[in-house]
Structure formats: C-alpha cells, structure tokens
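Understanding the architecture of this molecule
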Amino acid sequence: MKDLRSPLAKAKGLGASGDASHFFWIQRLTALALVPITLWLGLSIARLPEASYTLLLSWFQSPFNTVMLILFMLIGLHHAQLGMQVIIEDYIATHPKRLIAILLVKFSSYFLMVLSIYSILKLALGAH
Amino acid sequence: MQKVDIPPLSPHLQIYRLPLAAKISILHRATGFILFIGLLLIAAILIAASSGSESWQTIHSLLSNWIVRLILLGFTFSLYFHLCSGIRHLLWDIGKGFTPQGTHIGNALIIIGSSLLTLLTWFIAWSQTP
C-alpha cells in the first residue's frame with residue numbers, strides 16, 4: 001500500500017506518545033538553559049555557608065538572585081520531571097503502575113515548582 | 001492467575017566489563033535521579049525558610065550536622081557530574097566528539113571537571129566559614 005504520509009510528518013510524530021521529537025527538544029532546551037544557572041547556583045550558595053536569617057534575607061534582596069533562583073526551580077523541576085519520566089518508562093513495564101508513577105512525579109513537580117516560587121517571592125518581597 | 005513462563009535471557013550486563021563511557025552513562029542517569037530528590041529537598045528548604053526565622057534556624061542547625069554535610073557533598077558532586085556529562089550529551093547531539101577518540105577525551109574531562117568544580121565549591125564554602 002502506498003504511504004501518503006511524508007517523511008517529515010512521520011518524524012514529527014515518532015514514538016508511542018506521538019510527541020517524541022518535541023520531548024527530545026524540550027529536554028535539550030532546558031538542559032542548555034540549566035548550564036549557566038547551575039554554575040551560578042553552586043558557586044553562589046557556596047558563598048553563604050553560615051547564613052543567619054538576616055544574611056539570608058539580604059541575599060534575597062538582590063533581584064538578580066531572586067530571578068535566577070526562580071528560573072532554577074522552574075526550569076530545573078521541568079527538566080527533572082522529563083528525566084524521571086524516561087527512567088519510569090524504562091524500568092516500569094506494566095501500564096497502570098507506570099502511569100501512576102508518571103502522574104505522581106509530574107503533579108508533585110509542578111506543585112513544588114509553584115510552591116517554591118511562592119516561597120522565594122515571599123522571602124524577596126515580604127515585609128520582615 | 002495463569003503462570004507465565006519467563007523466556008531465558010542471554011547473559012548481558014553481568015558478564016561484560018563495562019567500558020568507562022558506559023559507567024559514566026549509567027552514572028548520568030543515577031545522578032539525575034539523585035538530583036530530582038535534591039530538588040524536592042531544596043523546595044522543602046525554601047518553604048521552611050520563607051515561614052520564618054525559627055524554622056530557618058532548625059534547617060540551619062540540621063545543615064551544620066557533619067553527616068548531612070557529607071550528603072550535601074554527594075549532592076554537589078552529583079550536580080556537577082550531571083552538568084559535565086550533560087554538556088557532553090549536548091555536544092554529541094550536534095555531532096561533536098562522537099568518535100572513540102572524542103569519547104575518551106570527554107570521559108577524562110567529565111571526571112576531572114566535576115571533581116574540580118566540587119572541590120572549588122567546597123573550598124569557597126570552607127573559606128567563607130568564620
């Protein structure tokens with residue numbers, strides 16, 4: 001039978017979920033964004049090992065720190081839940097268990113993403 | 001439930017000595033999993049810190065414990081290892097260094113780079129400690 005789908009259309013929808021190439025792209029995009037953010041975070045946290053509460057609050061007074069930390073939690077958790085999905089799909093073969101594990105990882109990731117952004121903004125903007 | 005016969009598996013992982021690139025590959029996945037747990041802990045620390053100075057003091061004294069510091073050292077190495085190995089994956093994706101020679105050089109750079117970044121981070125933290 002003649003195949004009416006173009007090679008591009010096939011490549012765009014590869015995989016069981018139909019969005020493998022999009023998944024691949026977003027995983028790489030978040031990875032690239034995390035390279036400078038991670039280096040900044042590691043070296044920035046290293047500079048406050050004995051942080052008192054006052055020192056912690058003054059760290060959050062810097063808009064640069066606040067924005068970078070929000071970006072780290074946002075992109076980091078997005079990248080992490082994509083990676084966790086791959087691990088779950090590789091090692092959990094049966095369908096209901098696999099779906100439950102993926103949903104658990106995704107829901108908890110997005111819940112903590114919003115909750116940590118709320119906490120960061122509270123530390124940065126809240127009246128102390 | 002009907003008993004399912006499991007077909008025999010040919011020996012694979014248990015009889016081969018994994019090359020260094022394969023060990024780094026599985027470590028990339030393992031450190032990625034560890035970092036997911038680490039992100040959950042960072043979120044928990046942020047939530048605690050934002051709820052006032054008392055809960056920050058609790059977190060702070062917990063983080064000063066040497067066993068916790070040892071775990072933090074593990075998280076630091078995991079972070080930099082996943083970062084360095086991840087950069088190689090990005091380079092491989094654009095076709096750079098995807099040769100036996102390039103892989104050997106990359107292996108060494110990942111191990112040296114992640115170790116040096118871990119040492120640098122902890123040296124900075126140590127030098128800031130009063």
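Remember, it's a predicted structure, so these values are computed and weren't measured experimentally. (Residues numbered from 1 in each chain as written. Chains lettered and ligands numbered in written order. Predicted model: local features only at pLDDT ≥ 70, side-chain atom pairs only at ≥ 80, totals over all residues. Heavy atoms only, no water.)

**Quick word on the overall build of chain B**
If you tally the helices and strands in chain B, you get four helices and zero strands. For 130 residues, the compact-globule estimate of 2.2 N^0.38 gives 14 Å, and chain B exceeds it by more than 25% at 20 Å. With 130 residues in all, chain B has 32% of them scored as buried. (Helix = DSSP H or I, 4+ residues; strand = E, 2+ residues; numbered from the N terminus. Rg over C-alpha atoms; globule rule 2.2 N^0.38 Å. Buried < 20%, exposed > 50% of the residue type's maximum accessible area, 1.4 Å probe, protein only.)

**Here's the deal with the interface of chain A and chain B**
Taken residue by residue, the interface counts 40 residues in chain A and 34 residues in chain B. Both faces combined, the contact of chain A with chain B buries some 3100 Å², and carbon together with sulfur accounts for 75% of it. Scanning the region where chain A abuts chain B turns up two salt bridges. Here A:Arg28 ties to B:Asp93 by a salt bridge, and the two come within 2.7 Å at their closest N and O atoms. The interface formed by chain A and chain B contains six residue pairs in polar contact (both at pLDDT 80 or more). Every element with two or more residues in the side of chain A that touches chain B is listed here: helix H2 (20-46), helix H3 (53-60), helix H4 (63-91) and helix H5 (95-125) of chain A. It is H4(A) that contributes the most residues to the side of chain A that touches chain B, twelve residues altogether. By residue class, the composition of the side of chain A that touches chain B is 27 nonpolar, eight polar and five charged. (Contact = heavy atoms within 4.5 Å. Buried area = accessible area lost by both parts, 1.4 Å probe. Salt bridge = Lys/Arg side-chain N within 4 Å of Asp/Glu carboxyl O. Polar contact = N/O pair within 3.5 Å; in protein donor to acceptor, adjacent residues only side chain to side chain. Nonpolar A, V, L, I, M, F, W, Y, C, P; charged D, E, K, R; others polar.)

**Let's talk about the nonpolar core**
A:Phe60, A:Leu69, A:Phe72, A:Met73, A:Ile120 and B:Trp56 are the most contacted members of the largest nonpolar core, which totals 38 residues. Elements supplying a minimum of two residues to this core: H2, H3, H4 and H5 of chain A together with helix H1 (20-50) and helix H2 (53-64) of chain B. The element that contributes the greatest number of residues to this core is H4(A), accounting for eleven residues. Among the nonpolar cores identified, the runner-up in size contains eight residues, and A:Val35, B:Ile24, B:Phe81 and B:Ile110 belong to it. (Core = buried A, V, L, I, M, F, W, Y, C linked by side-chain atoms within 4.5 Å.)

**Observations concerning a nonpolar patch on the surface**
Together, B:Trp66, B:Ile67, B:Leu70, B:Ile71 and B:Leu73 give the surface a local cluster of nonpolar side chains, amounting to about 540 Å² of exposed area. Along the chain, the position of B:Ile71 falls in helix H3 (residues 66-93). (Patch = residues over 30% accessible without salt bridge, like charges linked within 9 Å, V, L, I, M, F, W, Y side chains within 5 Å. Areas by Shrake-Rupley, 256 points an atom, 1.4 Å probe, with all protein chains shown as cover.)

**What to know about the packing of aromatic side chains**
This model, assessed by the stated rule, comprises six aromatic pairs over all chains. Ring plane angle 25° and centroid distance 6.0 Å describe the contact between A:Trp40 and A:Trp59, whose orientation is recorded as stacked. Of this pair, A:Trp40 sits in helix H2 while A:Trp59 sits in helix H3, placing them 19 residues apart in sequence. The same class applies to A:Trp40 as to A:Trp59, namely buried. Seen in terms of ring centroids, B:Phe77 and B:Phe81 are 5.8 Å apart; in terms of plane orientation they differ by 40°. Their pairing is tilted. You can see B:Phe77 and its partner B:Phe81 sitting in helix H3, four residues apart, about one turn around the helix. With a relative accessible area of 3%, B:Phe81 lands in the buried category. Grouped by ring-pair contacts, the aromatic residues A:Trp40, A:Trp59, A:Phe60 and A:Phe64 constitute a single cluster. Here the basic side chain of A:Arg28 rests over the ring of A:Phe24, its NZ or CZ set 3.8 Å away from the ring centre. (Phe/Tyr/Trp six-rings, centres within 6.5 Å; stacked < 30°, edge-to-face > 60°. Lys NZ or Arg CZ within 6 Å of the ring centre and 35° of its normal.)

Fair warning: the whole summary comes from geometry, so function is off the table for now.
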